Every structure is written in C-alpha cells, then in structure tokens.
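For reference, the chains in residue letters:
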Amino acid sequence: MRDLPFYLLFLLLVALLLRLDFILYLVYVLAGVYALSRWWAGRAIRQVRVRRLFADRVFPGERSEVALEVENRGVLPMPWLRVEESAPSTLGEGEPPRRVLSLGPRQSVRLVYTLVGRRRGVYEVGPARVGSGDLFGFAEFSGQAAQADRLVVYPRVIPLTHVALGSHAPLGTIASRQPLYADPSRFAGVRGYRPGDPLRAISWKSSAHAGELQVRKLEPAVLLTTLLALDLSAGAYSRQLRGSSSEWAIVVAASLASYLAGERQAVGLAINGLDSLTGEVGWTAEPRPGRRQLMRILEQLARAQLADGPALAGWLPGATAGLGWGATVVAVSPSGDETLLAALGRLRRAGLNPVLVVVEPYGQFGVVRERARRLGVAAHEVSDEDDLRAWQRRPGERRAA
Amino acid sequence: MSGPARPAYGGFRDAAWAGAPWRSAAIVLLSASIIAGPLALLHAATAWRMGYILPAALAAAVLGVASAARLGRPDWRDRRGAALRAGELALLLVALRVLIWATPGNGLPAGDPGRWLREPALLIDAQYLWMALLAAAVWWFAASGAADFQELAIRADEVAARERHDLTDAAGRWRLYMPTTRREIVARFGGRWVLVGTAVVLAAALSRVQVGVGERQILHFALAERGLSLPVTAALACYFLLGLALLGQARLGELRARWYNDGLAADAAVTGRWGLWTGLAVVGVAAAALMLPIGGAGVLGRAIEFVLALMARLGLALFFLLVGLLSLLLTPFRSLLAGTSRPPPALPQEPAVPTQAEMLVRLPDWLGGALFWAVLAAVVVYLGAAALRAHGKPAVRRGALDRWRAWWRGRGVRIAAALAGARPFARMRRVQAPVAEPVKPIRFRRAGAMLPAARVRYLYLRMVERAGAAGTARPPHKTPAEYAGDLDASWPEASPDVEAMTSAFEAARYGAGEVSGEAAAAVEGVWRRLMRALRGRQGPG
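This report concerns the structure included in the present document. (Residues numbered from 1 in each chain as written. Chains lettered and ligands numbered in written order. Predicted model: local features only at pLDDT ≥ 70, side-chain atom pairs only at ≥ 80, totals over all residues. Heavy atoms only, no water.)

**Side note on the overall build of chain A**
So, point 1. Helix and strand counts for chain A stand at 9 helices and 20 strands.
So, point 2. Expressed as a percentage of its 401 residues, the buried residues of chain A come to 51%.
So, point 3. By sequence separation, contacts in chain A at least 24 residues apart represent 70% of the contacts at least 6 residues apart.
So, point 4. For chain A, the accessible area works out to roughly 19,100 Å², and carbon and sulfur atoms hold 51% of it. (Helix = DSSP H or I, 4+ residues; strand = E, 2+ residues; numbered from the N terminus. Buried < 20%, exposed > 50% of the residue type's maximum accessible area, 1.4 Å probe, protein only. Contact = heavy atoms within 4.5 Å. Areas by Shrake-Rupley, 256 points an atom, 1.4 Å probe, with all protein chains shown as cover.)

**A short note on the overall build of chain B**
So, point 1. Looking only at helices and strands, chain B has 22 helices and 3 strands in total.
So, point 2. Taking all 541 residues of chain B together, 36% fall into the buried category.
So, point 3. Of the contacts formed within chain B by residues at least 6 apart in sequence, a portion of 72% connects residues at least 24 apart.
So, point 4. Working note: accessible area of chain B is about 32,000 Å², and carbon and sulfur atoms make up 66% of it.

**Considering the interface of chain B and chain A**
So, point 1. Residue-level contacts link 60 residues of chain B with 43 residues of chain A.
So, point 2. Taking both partners together, chain B and chain A bury about 4,700 Å²; carbon and sulfur atoms supply 73% of that area.
So, point 3. On the surface where chain B and chain A come into contact, there are 5 salt bridges.
So, point 4. Summed over the shared surface of chain B and chain A, the number is 9 residue pairs in polar contact (both at pLDDT 80 or more).
So, point 5. Mapped onto the side of chain B that touches chain A, the elements with two or more residues apiece are α9 (182–206), α10 (230–261), β3 (265–266), α11 (268–272), α12 (274–290) and α13 (297–330) of chain B.
So, point 6. The class makeup of the residues in the side of chain B that touches chain A is 38 nonpolar, 12 polar and 10 charged.
So, point 7. When strand β5 (residues 98–103) of chain A meets β3 of chain B, the two strands line up parallel, connected through 2 bridges. The residue bridging V100 of chain A from the neighbouring strand is A266 of chain B, located in β3 of chain B. (Buried area = accessible area lost by both parts, 1.4 Å probe. Salt bridge = Lys/Arg side-chain N within 4 Å of Asp/Glu carboxyl O. Polar contact = N/O pair within 3.5 Å; in protein donor to acceptor, adjacent residues only side chain to side chain. Nonpolar A, V, L, I, M, F, W, Y, C, P; charged D, E, K, R; others polar. Pairing = 2+ DSSP bridges.)

**Overview of helix α7 (residues 338–349) of chain A**
Residue and element names in this part refer to chain A.
So, point 1. The end-to-end C-alpha distance of α7, which contains 12 residues, comes to 16 Å, matching closely the 16 Å that a straight helix rising 1.5 Å per residue would cover.
So, point 2. Among the residues of α7, those classed as buried are L340, L341, A343, L344, G345 and L347.
So, point 3. Contacts made by the buried residues of α7 are with α6 (312–319), β18 (328–333), β19 (353–358) and α8 (365–374).
So, point 4. One or two residues past the end of α7 sits G351, with phi positive at roughly 100°. (Expected span 1.5 Å × (residues − 1).)

**Description of the packing of helix α7 (residues 126–152) of chain B against α10 of chain B**
Residue and element names in this part refer to chain B.
So, point 1. Following both chains from N to C, one finds α7 and α10 inclined at 25°, their axes separated by 9 Å at the closest point. It follows from the interaxial angle that α7 and α10 lie roughly parallel. Residues F141, F149 and L152 of α7 lie in contact with α10, whose contacting residues are Y239, L246, Q249, A250, G253, E254 and A257.
So, point 2. Split into classes, the residues belonging to the contact of α7 with α10 amount to 7 nonpolar, 2 polar and 1 charged. (Axes fitted to C-alpha atoms, helices over the stretch in contact; angles between N-to-C directions. Parallel < 35°, antiparallel > 145°, perpendicular 65-115°, else oblique.)

**Focus on the packing of helix α19 (residues 452–469) of chain B against helix α20 (residues 480–490) of chain B**
All names here are of chain B.
So, point 1. Between α19 and α20, the shortest axis-to-axis distance is 12 Å and the interhelical angle comes to 40°. Here α19 is positioned oblique relative to α20, judged by the angle of their axes. Where α19 crosses over α20, the two elements pack in a sense that is left-handed. Touching Y460, M463, V464, A467 and G468 of α19 are P480, Y483 and L487, all from α20.
So, point 2. Counted by class, the contact of α19 with α20 contains 7 nonpolar, 1 polar and no charged residues. (Left-handed = near helix turned anticlockwise from the far one by under 90°.)

**Considerations on the nonpolar core**
So, point 1. Among the nonpolar cores identified, the biggest contains 111 residues, and M131 and L236 of chain B are the most heavily contacted of them.
So, point 2. For L236 of chain B, the contacting residues outside a window of four places in its chain are F22 and L26 of chain A together with V200, V201, A204 and L228 of chain B.
So, point 3. Among the nonpolar cores identified, the runner-up in size contains 43 residues, and L230, Y237, V359 and L388 of chain A belong to it. (Core = buried A, V, L, I, M, F, W, Y, C linked by side-chain atoms within 4.5 Å.)

**Topic: the pairing of β19 of chain A**
Residues and elements named next belong to chain A.
So, point 1. Burial of β19 is extensive: 6 of the 6 residues sit out of reach of the surface.
So, point 2. Here β19 shows a buried face lined by N353, V355 and V357 and a second buried face lined by P354, L356 and V358.
So, point 3. Here 6 bridges tie β18 to β19, and the two strands are oriented parallel to one another. Along β19, the bridge assignment pairs V330 with V355.

**Some points on helix α3 (residues 36–45) of chain B**
So, point 1. Buried within α3 of chain B we find A36, G37, L39, A40 and L42 of chain B.
So, point 2. At its buried positions, α3 of chain B is contacted by α4 (53–71), α7, α9 and α10 of chain B.

**Focus: the sheet that holds strand β2 (residues 57–58) of chain A**
Residue and element names in this part refer to chain A.
So, point 1. The 3 strands are arranged β2-β10-β7 in an open sheet whose pairing can be described as mixed. Each having just a single partner strand, β2 and β7 (121–125) make up the two edges of the open sheet.
So, point 2. With 5 bridges connecting them, β7 and strand β10 (residues 149–153) associate as antiparallel partners. Bridging from a neighbouring strand, Y123 pairs with L151 of β10.

**Things to note about a nonpolar patch on the surface**
So, point 1. A cluster of nonpolar side chains, contributed by F306, V307, L308, L310, M311 and L314 of chain B, occupies part of the molecular surface with about 610 Å² of accessible area.
So, point 2. When you line up the elements, L314 of chain B lands in helix α13. (Patch = residues over 30% accessible without salt bridge, like charges linked within 9 Å, V, L, I, M, F, W, Y side chains within 5 Å.)

**Considerations on the pattern of salt bridges**
So, point 1. Going through the model one piece at a time under the given rule, you end up with 35 salt bridges over all chains.
So, point 2. Notably, a salt bridge pairs R82 of chain A with E84 of chain A, separated by 2.8 Å at the nearest N-O pair.
So, point 3. The shortest N-O distance in the salt bridge between R528 of chain B and E524 of chain B comes to 2.9 Å. A residue pair is termed a helical-turn pair when its members lie 3 or 4 positions apart in one helix, as R528 of chain B and E524 of chain B do in helix α22 (residues 517–535) at 4 residues.
So, point 4. Taking the relative accessible area as the measure of exposure, R528 of chain B reaches 43% and is therefore partly exposed.
So, point 5. Relative accessible area serves as the criterion here: at 16%, E524 of chain B is assigned to the buried category.
So, point 6. Each of E140 of chain A together with R183, R251, E254 and R258 of chain B takes part in one network of salt bridges that share partners.

**Quick look at the side chain of R82 of chain A**
So, point 1. Its location among the elements puts R82 of chain A in strand β4 (residues 78–85).
So, point 2. A distance of 2.8 Å separates a polar atom in the side chain of R82 of chain A from a polar atom in the side chain of E84 of chain A.
So, point 3. In this view, R82 of chain A contacts R99, V100, R129, V130 and G131 of chain A together with R258, W259, D262 and L264 of chain B; residues no more than four positions away in its chain are not counted.

**A short note on the environment of R348 of chain A**
Residue and element names in this part refer to chain A.
So, point 1. Note on placement: R348 falls in helix α7.
So, point 2. Look at R348 and you get partly exposed, because its relative accessible area is 30%.
So, point 3. Between the C-alpha atoms of R348 and G326, which are 22 residues apart in sequence, the distance is 9.1 Å.

**Here we look at the packing of aromatic side chains**
All names here are of chain B.
So, point 1. Applying the stated criterion across every chain, the model contains 15 aromatic pairs over all chains.
So, point 2. With a centroid separation of 6.4 Å and an interplanar angle of 80°, the aromatic rings of F505 and Y510 are classed as edge-to-face.
So, point 3. Using a relative accessible area of 6% as the deciding quantity, one classes F505 as buried.
So, point 4. These aromatic residues form a ring-pair network of at least three members: W140, F141, W193, Y239 and F240.
So, point 5. The ring of W17 carries R23 above its face, with NZ or CZ at 3.8 Å from the centroid. (Phe/Tyr/Trp six-rings, centres within 6.5 Å; stacked < 30°, edge-to-face > 60°. Lys NZ or Arg CZ within 6 Å of the ring centre and 35° of its normal.)

**Quick notes on the sheet that holds β4 of chain A**
So, point 1. If you trace the 5 strands from one edge of the open sheet to the other, you get β9(A)-β8(A)-β4(A)-β5(A)-β3(B), paired in mixed fashion. Strands with a single pairing partner mark the edges of an open sheet, and in this sheet they are β9 (140–146) of chain A together with β3 of chain B.
So, point 2. Taken together, the 5 bridges between β4 of chain A and strand β8 (residues 128–133) of chain A define a ladder with antiparallel strand orientation. Bridge assignment links L81 of chain A to a residue of β8 of chain A, and that residue is S132 of chain A.

**A short note on the pairing of strand β20 (residues 378–381) of chain A**
All names here are of chain A.
So, point 1. Here 4 bridges tie β19 to β20, and the two strands are oriented parallel to one another. Each residue of the ladder has a partner; that of V355, found in β20, is A378.
So, point 2. Each parallel crossover has a hand, and the one from β19 via α8 to β20 is right-handed. (Right-handed = clockwise from strand over helix to strand, strands pointing away.)

**Here's the deal with unusual backbone geometry**
Residues and elements named next belong to chain A.
So, point 1. Note that the residue after G126, namely P127, is joined by a cis bond; omega there is 0°.
So, point 2. Among the secondary structure elements, P127 is positioned in the loop between β7 and β8.
So, point 3. If you check the backbone angles, R106 has positive phi at about 55° while not being a glycine.
So, point 4. Position of R106 relative to the elements: it lies in the loop between β5 and β6 (108–116).
So, point 5. One non-glycine residue, R264, lies in positive phi territory at about 60°.
So, point 6. Residue position: R264 is located in the loop between α4 (242–262) and β15 (267–275).

Below, the structure written as structure tokens:
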C-alpha cells in the first residue's frame with residue numbers, strides 16, 4: 001500500500017479533469033483515512049506510559065510481584081497495543097507478560113507477574129517494549145516504553161550466634177574471654193572487694209547497701225572492626241568445585257557480615273572478583289557499622305562474580321592499608337596456601353588481627369591450621385553448613401551427636 | 001518407539017477466522033460492485049439490455065468466494081484447484097450465455113437451426129463477450145480476495161510449531177515455510193483493490209465523455225453531463241468503503257497471525273472491537289469528507305485541462321518539427337527513390353469455378369461448425385465434470401473418464417519430458433517404447449518375483465494404498481517421514497512397524513546401497529503385521 005499516495009494523485013487528476021465530484025469525494029475519503037491512520041497511530045503511541053512497580057531487593061526464596069502499569073494518557077483510543085516485557089528466565093514464575101491490549105482513552109491496565117529470588121545476583125528486569133499501528137497497515141510504530149530496572153537477589157544469609165573472631169581493640173560490644181579486654185560500659189554485677197582491686201572499680205552505692213566493699217564486675221568485650229576479604233580469584237578455586245565453592249564463600253561472607261552488623265560492629269568488604277554491574281575487578285567498602293552498611297555489603301556480594309583477577313595474597317596488603325590497629329581481617333578463601341598465610345602473617349605483624357576461613361574441603365586442613373597458628377593467625381575450615389554450625393552454638397554448647 | 005499418541009494437526013482449521021460469514025458477504029458485494037464502471041461505459045456506448053448482469057455478477061462473486069472457501073479447507077488441500085476453477089468458470093460462462101438469451105430483447109438469433117452449424121460464431125456476440133469478461137472478472141476478483149483471506153488464517157504447521165517446541169521431533173520440522181508472507185498478501189489484496197478500483201473509476205468517468213466529430217471533421221471530446229448516475233455512485237461508494245473495511249480485516253489477519261507466531265496473547269477486545277474501530281474510522285472520515293468543498297473543483301479542472309492541452313500542442317509541434325527535419329535529411333536520396341515505378345493495378349479476377357471432381361471431394365459447409373460445437377461441448381463437459389467431481393458430486397461414471405484422464409496425463413508428462421531434452425523426438429521414442437507394455441494395477445503384481453529393492457517399494461506402496469483406504473491417505477506433498485508422522489498420529493499402536501517400513505522404503509528408494517533378500521523378507525514380515533492391523537480398521541465413512 002505504499003503506492004496509495006500515487007493512486008490518490010491519479011484519482012485527483014481524473015476527478016479534476018472530468019469534473020466528477022464523486023471521485024473527488026472518494027479522494028477525500030481515501031486520503032482522509034490514510035492521513036488519519038498515520039496521525040492516529042503516531043499520536044496514540046506517544047501517549048502510552050509504562051511503569052514497573054516491584055520490590056527490587058529480595059532474599060533467596062522470596063517472591064517479588066512485578067506490576068507493569070500500561071496507561072493510555074491520551075484521549076484517542078488505541079485499537080491495539082503490543083506490550084512485551086522481558087525478565088530473567090531463571091527467576092520467572094511463568095512467562096513475563098507479552099500481550100496485545102486494546103486501550104480506551106485514559107485507560108490503564110495492570111499486568112502482573114512474579115519473580116522468585118532463586119539465585120543470588122543482580123538481574124535486569126525489562127525493558128518493556130511496546131508497539132502499535134493503525135487499522136489498515138499504513139503505519140506501524142514500536143519503541144521502548146519502560147527502561148530496564150534491576151532486581152538484586154541477596155546471597156543466602158545463615159544466622160550465626162557466636163563467631164570466634166578475636167581482636168586487640170579494648171572497647172567493643174562482643175564479649176571476650178580475655179579479662180584484659182573488660183569493657184567498662186558492660187556492667188555484669190558486683191563482687192566482694194579483693195586486695196589489689198583498683199579503687200575506681202569499687203561501687204560505693206552497692207558497698208553502702210551491702211555493708212562491705214563491693215567491686216563492679218565488668219564483662220570483657222572487644223570491638224571488631226572487621227574487613228571481610230573475599231577471595232573470588234578464579235584461579236584460586238579448584239576447577240571442579242569452582243562454581244559451588246565460590247557461591248559458598250559468598251554465603252559465608254554474607255553470614256559473617258550479617259552477624260557482625262547484628263553485633264553493632266563496623267564491617268567492611270574487600271573483593272578481588274568482578275563487579276557484574278560495573279565490570280570493575282577488585283573493590284573495597286570501608287568498614288562502617290549499621291544496617292545500611294550491611295545491606296550495601298549484601299548488595300555488593302550479590303553483584304560479585306569470579307574473575308581472573310589478582311590473587312588475594314598480593315591484593316590484600318593494598319586493600320587493608322587504611323585499617324586501624326587491631327582491626328580484624330577475615331580472609332574468606334578457598335584454600336590456605338603458603339603465600340596467603342605469609343600475607344596474613346605480615347598483617348599480623350602490622351598490628352591487625354587476621355583470621356583465615358577456608359571454604360573448600362581440604363583433607364589436610366590440620367597442617368594449614370598449624371602453620372597459621374605459628375604465624376599467629378586463626379584458621380577455620382567452613383566448607384559446608386555443618387562446619388558453620390559451630391558458629392551457631394554458644395560457647396560450651398556441645399555439638400549434637 | 002511407540003510413545004504417546006501425537007496430536008493430529010493436519011485437520012486444523014482456523015475456524016474463528018475462516019468462518020466469518022459477513023466477511024464473505026463483504027467480498028461478494030465488493031466484487032459485484034466492480035461492474036459499475038464498465039457497465040456505465042457500455043450503457044453510454046450501446047443500447048444493450050443488461051438488467052441480468054447484476055444478479056449474474058452476484059452469482060459469479062458467490063461462486064468465487066464459495067470455491068475459495070472450500071479449497072481452503074484442510075480436507076480440500078490436495079484437490080486440483082486449477083481444474084476446479086476452470087470448470088466453475090466454464091459453467092458460469094455457459095449459464096451467462098443462457099441467461100443473456102433468456103433476457104427479453106436478447107433472444108436467440110433468428111434463422112434455421114442449421115445456421116448454428118454453419119456459423120458457430122453466433123454463440124459469441126459482442127454483448128456476450130463483454131458480459132463474459134465482466135462476469136469472469138467478478139468471479140476472479142471474488143475468488144482472489146477470498147483466497148487471500150484464507151491464506152491469512154493461521155495454518156496447521158504454525159499451530160504445530162507453537163505447540164511443539166521439540167526441534168528434534170520430526171514434527172518440529174514441519175515448521176513454517178511460507179512462500180508469501182502475510183504482509184505481502186495484504187499488500188497484494190490492497191494493490192488489487194487499488195488497481196481494479198482505478199479501472200472502475202476510469203471506466204465510470206469515461207462514460208461521461210462524449211466523443212464526436214466537429215464541423216471541420218476534427219475529433220473532439222466533451223463532457224456529456226456532470227456527475228455520475230445514482231447506481232454507479234452507490235456501487236463506487238460500496239466498492240471503496242467496503243474495500244477499506246476489508247483492508248482493515250486483512251490487516252487484522254496479518255497481525256493476529258504474527259501475534260500467534262510470536263507467542264503473544266491478544267485480548268478478546270482487540271479482535272472483537274477491530275471491526276468497530278475500522279467502521280468508525282471509515283464512516284467518520286466519509287462523513288467529514290461530505291462537508292468539504294467538493295464543487296470547487298471546476299477552476300482546478302480547467303487549469304489541468306489547459307495544461308494538458310498545452311502539452312498536447314507542444315508535443316504535436318515537436319512531432320511536426322522532427323518530421324520536417326527528417327524529410328530535409330532524406331532530400332538527397334529522393335533521386336534514388338524516383339526510379340522505382342509502381343506496379344500496374346491488378347485487374348479484378350473472376351471467381352474460380354470448381355470442377356466436378358472438386359465438388360465431389362469438398363467437405364460440407366456445416367462440418368467446421370459441428371467440429372467447433374463438439375470440441376466446445378467436450379471442453380465444457382470435461383471442465384464441468386471436473387468441477388462437480390471436485391465438489392464431491394460425480395456427474396459421470398468414473399471408469400472410462402479416469403482411464404482417459406490417465407492416458408492424457410501420461411501423454412502430457414512424456415511430451416514435457418521430451419521437450420525438456422536435447423533431442424526431443426529421439427527422447428519421445430525412447431520413452432514411448434515401454435508404454436506399449438500393459439501396466440498392471442499394483443495389486444496384481446507378484447511380490448516374490450521382484451528384486452528386493454522393488455519388493456520393498458511395492459510393499460510400501462501397498463501399505464500407503466491400504467492406509468488411504470482406511471482413512472489416512474498420503475497427500476502428494478508429504479515426504480515418507482512426514483507421512484509416517486500422520487500414520488503414527490492416527491495409528492499409534494503400529495508406530496514401530498510404520499517407522500520400520502518407512503525406513504526400509506527410504507533406503508530402497510533413495511539409498512545408494514543394495515537391498516538384500518533377507519532385508520526384503522524382513523520388511524515383508526513387517527508389512528504382513530501392518531496389513532493384519534489394518535484389516536481391523538474401518539475405512540472412512
């Protein structure tokens with residue numbers, strides 16, 4: 001029908017030459033339908049607005065209901081509007097909406113679908129594409145109506161109740177077994193005075209009440225300014241377990257971050273992997289306390305991917321350069337090789353408190369632990385959830401048979 | 001091999017699209033209205049009585065739409081559409097001839113009946129010729145339009161491809177070869193509508209032109225009157241407004257198939273309100289156009305007329321200038337041409353008187369006419385019978401006619417093969433030689449006396465024949481593998497045997513290796529099982 005204008009011109013000539021009003025009328029009708037169709041379709045599609053409403057952050061297993069609001073803001077009806085939403089197929093519960101609608105003037109339609117946080121990551125939801133046209137095939141328009149949004153699926157967080165992370169910092173909120181680190185802000189009761197007790201430890205009110213000198217008991221505590229150093233260098237992982245072990249390392253890091261933030265500690269994150277959003281390899285988040293920091297860390301863990309980046313041993317000194325004395329550095333790594341232990345030993349000598357968490361199963365982990373002990377580094381093997389249960393029990397609680 | 005029964009898509013019909021009666025009615029009206037322009041022209045130029053043409057045109061349009069609708073049905077895919085349509089057209093033209101004669105004022109030519117033999121051209125007078133052309137055009141336009149809408153329907157292979165995503169399945173290979181896209185079909189329909197509309201408008205407009213000879217013997221043209229008659233106006237309005245509405249429907253057909261193939265779900269309101277929106281757009285524009293200053297065309301018309309006259313005069317002046325220049329160039333050669341003398345005019349000769357012997361061997365003057373009538377009757381009967389048979393109404397006994405048709409087709413194939421070769425006559429002799437041997441029907445051959453490969457082919461063809469009799473005929477366009485899919489669908493319990501038979505046939509027919517006697521014997525065992533299974537089945541109907 002591309003030659004319709006020429007046909008109309010020919011009819012116009014015939015009508016004018018032969019003075020046939022009716023043919024002129026036909027020209028008016030055909031030209032009018034042609035022009036109206038093109039104008040209508042072009043104007044109507046510009047009045048379409050598509051909005052996407054959904055919870056853009058979910059934990060694994062949670063559902064996010066995505067509502068796509070398609071609205072015709074114009075006064076012209078839309079005989080047909082093609083709406084195609086795209087969503088990550090791995091998260092979709094069924095197909096995202098791909099519909100052809102008919103919208104009246106100022107009418108809106110809500111298309112709803114559900115995404116399930118099946119797997120950690122940052123996913124693109126959308127874009128939604130729309131297309132429309134006229135009724136006769138003279139014009140067709142299509143375009144992108146709603147930009148792509150991001151859905152963050154946080155890594156799995158396993159609740160921990162007690163994590164054996166020591167610190168040299170004398171003040172803090174995590175109880176410590178070492179009386180050296182008694183925290184004057186953590187009052188634990190009173191006891192009778194013993195010679196040698198400092199005078200400032202005497203509770204004069206309690207002494208007056210009891211009739212003898214009483215001394216305040218303070219709970220020992222540490223402040224864990226902790227940097228979680230997550231090793232996502234692809235070369236560090238064994239080839240067979242690379243996928244599962246790196247995911248487990250992220251789960252361990254997320255669980256530690258959640259635990260420390262729950263204890264109101266300052267937590268930071270350093271990853272030598274790939275940020276799937278920016279394409280950057282190796283980045284650091286300074287330790288800060290608070291829930292907002294935790295969510296930031298979880299989001300960064302959601303974005304993290306394995307990369308052929310620098311080895312953790314070489315990268316760690318730079319990443320920990322800004323940490324204060326006594327801060328804890330938890331290196332979550334697939335293995336505790338010699339170079340990594342040596343790097344952690346250097347951190348120890350620099351006044352930091354390095355802790356090694358090995359996430360790949362290793363038959364001779366005892367050797368690693370012994371070597372780490374000699375360097376003054378605590379080493380833990382957390383290769384599965386059973387290993388993590390040790391941090392889910394209170395001190396002194398025995399493992400179930 | 002015997003998995004779950006495959007759904008049969010072969011019989012799929014897009015009933016929601018193809019079964020819309022108002023669309024067929026619109027095509028009939030659209031097609032019948034194309035006679036308005038030529039009829040106005042004939043009315044202005046002749047004094048014929050043409051009151052019969054409107055019902056004839058409507059009947060032709062109905063016939064065209066009905067045959068297109070029938071040929072579009074799944075069980076009619078394998079019919080010979082060309083023969084059916086030729087037969088319908090022949091019957092239509094015969095009926096039109098009778099109708100014209102039956103119309104008062106257009107009776108049979110007077111004279112003795114023998115005159116029909118001597119002058120067979122009495123059959124085709126100018127009026128019949130024009131009306132036959134008009135009726136054929138209406139029939140063609142209706143059949144083409146209806147066929148376009150049939151082609152816009154969703155096809156069985158598209159349903160199969162959407163519902164079966166397993167590309168490793170043989171059925172997945174049914175997918176989607178469409179020689180003409182739906183966009184092209186819509187464009188074809190629109191282009192035809194525009195082209196025929198132009199011709200109709202032009203004819204209607206020319207019917208207002210009066211041609212005459214002026215005082216100085218110069219041909220001149222003038223407008224007889226302004227405007228068109230009411231019936232022609234109504235027919236043109238019908239043609240263009242209905243055409244627009246049908247164009248909208250064709251667009252809907254294109255879109256709904258595209259949406260279906262893209263996996264989009266279309267709301268019922270989209271298709272349900274399509275006709276409403278189309279109608280509102282067309283009627284709204286038509287109503288608005290009524291308010292435009294139509295009568296103001298006079299000044300523009302005169303301007304165009306002036307421009308055209310000026311161009312014509314300039315063209316004539318250029319032509320005379322070129323002729324003058326050419327004559328000047330040829331002046332030096334005039335002396336060469338002057339020597340030639342004209343031959344003397346031939347004297348009128350008396351007509352030759354035939355001798356007695358010539359009189360004895362001269363053919364009777366009615367023989368040519370009789371031959372013409374015989375050939376015409378044979379063609380009409382053959383085409384008519386083919387059309388009726390295609391519609392499922394056998395008009396004559398089949399045996400002799402089938403044999404004659406088979407013989408004629410055989411000649412046609414051999415002639416085509418001979419024409420394709422480098423030595424046509426030698427090739428014809430070579431291919432004609434084995435024809436002398438009588439061809440036995442396939443069921444009378446002895447399988448045991450054949451070579452193994454021929455035996456396998458024979459057994460497969462017997463299976464096809466029996467399966468066809470049981471209701472699962474093999475369409476000519478299907479490969480053995482595709483046909484095996486059909487058999488599996490309607491005959492799942494015999495699926496392994498069908499697969500084995502098909503594989504053996506493909507190896508024997510298309511494979512490069514020899515077929516051993518043992519393999520042929522094994523195939524015969526499979527064939528016997530199949531035949532036993534088939535005996536238990538009921539034939540169609």
